[in-house]
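Observations on chain architecture
One-letter residues, chain by chain:
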Amino acid sequence: MPAGEARRRMRADGRPPALGEALLAAIARSRSELVTDTVERITGVPVRGFAQWAREHAGEFR
């Protein structure tokens with residue numbers, strides 16, 4: 001969706017203009033390629049993607 005349309009919808013939903021602009025700015029930033037081992041070091045569990053997590057927990061949502 002174009003930024004102008006997203007901005008219009010967020011304002012129509014009652015979101016503060018500053019929040020809408022912050023969300024649009026975050027979306028416009030390029031993704032980081034930075035990968036760290038912080039989660040694994042803290043939790044002791046290897047990092048997994050959302051799709052894997054969703055498969056592992058699907059039964060909890062049925």
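Figured I'd write up the structure that's included with this text. None of these values were measured; they are calculated from a predicted model.

With that out of the way, let us pick up the overall build of the protein chain. Broken down by element type, the protein chain carries four helices and zero strands. Traced from its N-terminal end to its C-terminal end, the protein chain shows the element sequence α-α-α-α. In terms of overall dimensions, the protein chain is more spread out than a globule: its C-alpha atoms have a radius of gyration of 18 Å, far above the 11 Å expected for 62 residues. Expressed as lengths along the three principal axes of its C-alpha atoms, the size of the protein chain is roughly 40 × 35 × 20 Å. Approximately 5,600 Å² of the protein chain is accessible, and the part contributed by carbon and sulfur atoms is 58%. When the 11 basic and 8 acidic side-chain charges of the protein chain are each reduced to a single mean position, those positions are 6 Å apart.

Let us look at the pattern of salt bridges. Two side chains of opposite charge can pair, provided their charged atoms sit close to one another. Using the criterion set out here, one finds seven salt bridges in the structure. Here arginine 8 ties to glutamate 5 by a salt bridge, and the two come within 2.8 Å at their closest N and O atoms. Highlighted residues: arginine 8 and glutamate 5, both in helix H1 (residues 3-12), separated by three residues, approximately one helical turn. The class for arginine 8 is partly exposed, based on a relative accessible area of 48%. Here glutamate 5 falls in the partly exposed class, since its relative accessible area comes to 26%. Here aspartate 37 ties to arginine 41 by a salt bridge, and the two come within 3.0 Å at their closest N and O atoms.

What follows deals with the packing of aromatic side chains. Under the defined criterion, the tally for this structure stands at two aromatic pairs. Through pairs of rings, three or more aromatic residues link up here, namely Phe50, Trp53 and Phe61.

So, how was this worked out
- Residues numbered from 1 in each chain as written.
- Predicted model: local features only at pLDDT ≥ 70, side-chain atom pairs only at ≥ 80, totals over all residues.
- Heavy atoms only, no water.
- Helix = DSSP H or I, 4+ residues; strand = E, 2+ residues; numbered from the N terminus.
- Rg over C-alpha atoms; globule rule 2.2 N^0.38 Å.
- Areas by Shrake-Rupley, 256 points an atom, 1.4 Å probe, with all protein chains shown as cover.
- Lys, Arg positive; Asp, Glu negative; His and termini not counted.
- Charge placed at Lys NZ, Arg CZ, Asp CG, Glu CD.
- Salt bridge = Lys/Arg side-chain N within 4 Å of Asp/Glu carboxyl O.
- Buried < 20%, exposed > 50% of the residue type's maximum accessible area, 1.4 Å probe, protein only.
- Phe/Tyr/Trp six-rings, centres within 6.5 Å; stacked < 30°, edge-to-face > 60°.

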